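# Understanding the architecture of this molecule
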Amino acid sequence: MTLPDVDPARLAEEWAADSDVLASLRANGDRPEIVRAVDVSFRGDEAALDRLEEDAGELGFEVIEREEDDGGEISLFLGCEQAADDASIRALTVKCLQIEVVYDVEYDGWGCTAEDGAGD
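Remember, predicted model here, so these are calculated numbers, not experimental data.

Cut-offs applied
Residues numbered from 1 in each chain as written. Predicted model: local features only at pLDDT ≥ 70, side-chain atom pairs only at ≥ 80, totals over all residues. Heavy atoms only, no water. Pairing = 2+ DSSP bridges. Helix = DSSP H or I, 4+ residues; strand = E, 2+ residues; numbered from the N terminus. Axes fitted to C-alpha atoms, helices over the stretch in contact; angles between N-to-C directions. Contact = heavy atoms within 4.5 Å. Parallel < 35°, antiparallel > 145°, perpendicular 65-115°, else oblique. Left-handed = near helix turned anticlockwise from the far one by under 90°. Nonpolar A, V, L, I, M, F, W, Y, C, P; charged D, E, K, R; others polar. Salt bridge = Lys/Arg side-chain N within 4 Å of Asp/Glu carboxyl O. Disulfide = S-S within 2.5 Å. Buried < 20%, exposed > 50% of the residue type's maximum accessible area, 1.4 Å probe, protein only.

## Thoughts on the sheet that holds strand 3 (residues 74-82)
With respect to topology, 4 strands assemble into an open sheet ordered 2-3-1-4, the strand pairing being antiparallel. Each having just a single partner strand, strand 2 (62-68) and strand 4 (106-111) make up the two edges of the open sheet. The mean angle between the axes of side-by-side strands here comes to 25 degrees, regardless of whether they run parallel or antiparallel. The pairing of strand 2 with strand 3 spans 6 bridges and is classified as antiparallel. Directly across from Glu65, in strand 3, lies its bridge partner Phe77. Along the sheet, helix 2 (residues 46-55) makes contact with strand 1 (36-44), strand 2 and strand 3, crossing strand 3 at roughly 20 degrees. Its contacts with the sheet put helix 3 (residues 86-103) on strand 1, strand 3 and strand 4, and the angle it makes with strand 4 is roughly 160 degrees.

## Some remarks on the packing of helix 1 (residues 8-27) against helix 3
The contact between helix 1 and helix 3 brings their axes to 10 Å, and the two run at 140 degrees. The angle between the axes of helix 1 and helix 3 places the two elements in the oblique class. The interaxial crossing formed by helix 1 with helix 3 has right-handed handedness. Contacts between helix 1 and helix 3 involve Arg10, Leu11, Glu14, Trp15, Asp18, Leu22 and Arg26 on the former and, on the latter, Asp86, Ile89, Arg90, Thr93, Val94, Leu97 and Glu100. In terms of residue class, the contact of helix 1 with helix 3 is built from 6 nonpolar, 1 polar and 7 charged.

## Let's talk about the pairing of strand 1
Across 9 bridges, the pairing between strand 1 and strand 3 is antiparallel. When the bridges of strand 3 are listed, Arg43 appears paired with Ser75. Pairing geometry for strand 1 and strand 4, over 4 bridges, is antiparallel. Across the sheet, the residue bridging to Arg43 is Glu106, located in strand 4.

## Looking at the pattern of salt bridges
Following the criterion strictly, the structure yields 13 salt bridges and no others. Measuring nitrogen to oxygen at the nearest pair gives 2.6 Å for the salt bridge that ties Arg43 to Glu106. In this pair, Arg43 is assigned in strand 1 and Glu106 in strand 4, connecting sequence segments 63 residues apart. Counted as one network, the salt bridges with shared partners bring together Arg10, Glu13, Glu14 and Glu100.

## Side note on the state of the cysteines
Enumeration according to the criterion identifies 0 disulfides in this entry. No disulfide involves Cys80; its sulfur sits 7.6 Å from the nearest other cysteine sulfur, which is in Cys96. Here Cys112 stays free of any disulfide, with the sulfur of Cys80 as its closest cysteine sulfur at 9.6 Å. Overall, Cys112 belongs to the partly exposed group, its relative accessible area being 21%.

Pasting the structure below:
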């Protein structure tokens, strides 16, 4: 599947938020080169999320869960294994913004735990 270009302004907005999360991870002793589970979430209507869920594997993700909030808004959580260095997270954000365009969903960010290598 060929994914489209993303709006540079939208990418800059997301990257500013990503940079804050990455700084917080580093402040908590994170070693960004360690591969770990990273989750991403998307909001949208059921039909759009169904399509995305169906294609998740082709896009490099596994489905984690679907969740409905108190207001009835549905989120789809997907996961992948990757490092959390700047380049890896930026590439993930670009991919998620591309998914946003193709599937008519709203990308709602990523998350992961800090990994210091002590558990290895």
